[in-house]
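What the coordinates show
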Amino acid sequence: EAGVTQFPSHSVIEKGQTVTLRCDPISGHDNLYWYRRVMGKEIKFLLHFVKESKQDESGMPNNRFLAERTGGTYSTLKVQPAELEDSGVYFCASSPFENTEAFFGQGTRLTVV
Amino acid sequence: DQQVKQNSPSLSVQEGRISILNCDYTNSMFDYFLWYKKYPAEGPTFLISISSIKDKNEDGRFTVFLNKSAKHLSLHIVPSQPGDSAVYFCAARAWYSGGGADGLTFGKGTHLIIQP
């Protein structure tokens with residue numbers, strides 16, 4: 001069974017550009033999470049989908065970040081326009097239920113220059 | 001304000017000995033705790049978890065202990081093996097009586113180095 005997959009694995013963009021990250025959760029997992037790790041700091045929660053609905057987006061830094069999960073399958077996280085402080089590793093995770101462990105993808109390393 | 005703290009950025013242990021990784025938390029709403037292991041350029045991999053109604057959970061070489069009164073948990077690895085060298089993250093989740101859970105709150109991680 002395929003795990004959580006993220007694309008791209010690495011992205012380098014200029015400040016002001018737009019980037020879209022994609023996450024394919026484990027098939028059948030209703031819960032999908034986005035996290036971010038800025039260098040040297042802890043992994044921080046961004047938001048949580050249950051199927052196609054946003055359950056909790058309290059961790060989203062600002063309105064330059066937009067997450068979608070149309071159809072309740074894969075999810076995208078768009079950053080527009082990107083700023084230098086958006087650099088970091090963005091992780092996606094999924095779980096079948098809210099009260100079970102989440103399985104993480106390999107992450108997308110975003111570098112804004 | 002960090003709600004989950006791993007105060008040791010790194011830990012070096014000899015192969016075959018016990019590794020003990022520590023984690024402290026401040027949020028009394030946390031009721032589920034997890035340990036994740038992470039290799040470079042990979043995502044965190046789930047290792048073991050414990051519910052707040054328990055004080056110990058064991059899975060092979062890995063045991064997690066929870067002391068609720070001290071708001072402290074620890075991960076014991078015995079015996080330690082070279083493949084255990086990785087960054088270990090402590091994470092916690094709050095479950096609310098009205099239903100639903102927060103996303104995980106992570107510590108900064110402890111880099112465990114197993115020396116031959």
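Owing to the predicted nature of the structure, the values given are computational and were not obtained by experimental measurement. (Residues numbered from 1 in each chain as written. Chains lettered and ligands numbered in written order. Predicted model: local features only at pLDDT ≥ 70, side-chain atom pairs only at ≥ 80, totals over all residues. Heavy atoms only, no water.)

Backbone phi values are negative for most residues with the exception of glycine, while trans is the configuration of most peptide bonds. The linkage connecting Phe-7 of chain A with the following residue, Pro-8 of chain A, adopts the cis geometry, with an omega of -5°. Tracing the backbone through its elements, the reader meets Pro-8 of chain A in the loop between strand S1 (5-7) and strand S2 (10-13). Residue Val-78 of chain B is joined to Pro-79 of chain B through a cis peptide bond whose omega torsion reads -10°. Relative to the assigned elements, Pro-79 of chain B resides in the loop between strand S8 (72-77) and strand S9 (86-94). Even without being a glycine, Ala-41 of chain B presents a positive backbone phi close to 65°. (Helix = DSSP H or I, 4+ residues; strand = E, 2+ residues; numbered from the N terminus.)

Residues and elements named next belong to chain B. Counting through the fold element by element, Lys-37 comes out in strand S4 (residues 30-38). Although Lys-37 is buried, it makes no salt bridge; Asp-84 carries the closest opposite charge, 4.1 Å away. At a separation of 2.9 Å, a polar atom in the side chain of Lys-37 contacts the side chain of Tyr-39. For Lys-37, the side chain forms a polar contact with the main-chain oxygen of Gly-83, separated by 3.3 Å. Setting aside chain neighbours within four positions, we find Lys-37 in contact with Gly-43, Pro-44, Thr-45, Leu-47, Gly-83, Asp-84, Ala-86, Val-87 and Tyr-88. (Buried < 20%, exposed > 50% of the residue type's maximum accessible area, 1.4 Å probe, protein only. Lys, Arg positive; Asp, Glu negative; His and termini not counted. Salt bridge = Lys/Arg side-chain N within 4 Å of Asp/Glu carboxyl O. Polar contact = N/O pair within 3.5 Å; in protein donor to acceptor, adjacent residues only side chain to side chain. Contact = heavy atoms within 4.5 Å.)

What follows is about the nonpolar core. Ranked by size, the top nonpolar core spans 24 residues in total, and within it Phe-33, Trp-35, Leu-73, Leu-75 and Tyr-88 of chain B carry the most contacts. Elements supplying a minimum of two residues to this core: strand S3 (19-25), S4, strand S5 (45-51), strand S7 (62-67), S8, S9 and strand S11 (110-115) of chain B. Among all residues touching Tyr-88 of chain B, those that are not within four sequence positions of it are Gln-6, Leu-21, Trp-35, Tyr-36, Lys-37, Leu-47, Leu-75, Ile-77, Gly-109, Thr-110 and Leu-112 of chain B. The next biggest cluster of nonpolar side chains, apart from the first, holds 21 residues, and it includes Leu-21, Trp-34, Leu-47 and Leu-110 of chain A. (Core = buried A, V, L, I, M, F, W, Y, C linked by side-chain atoms within 4.5 Å.)

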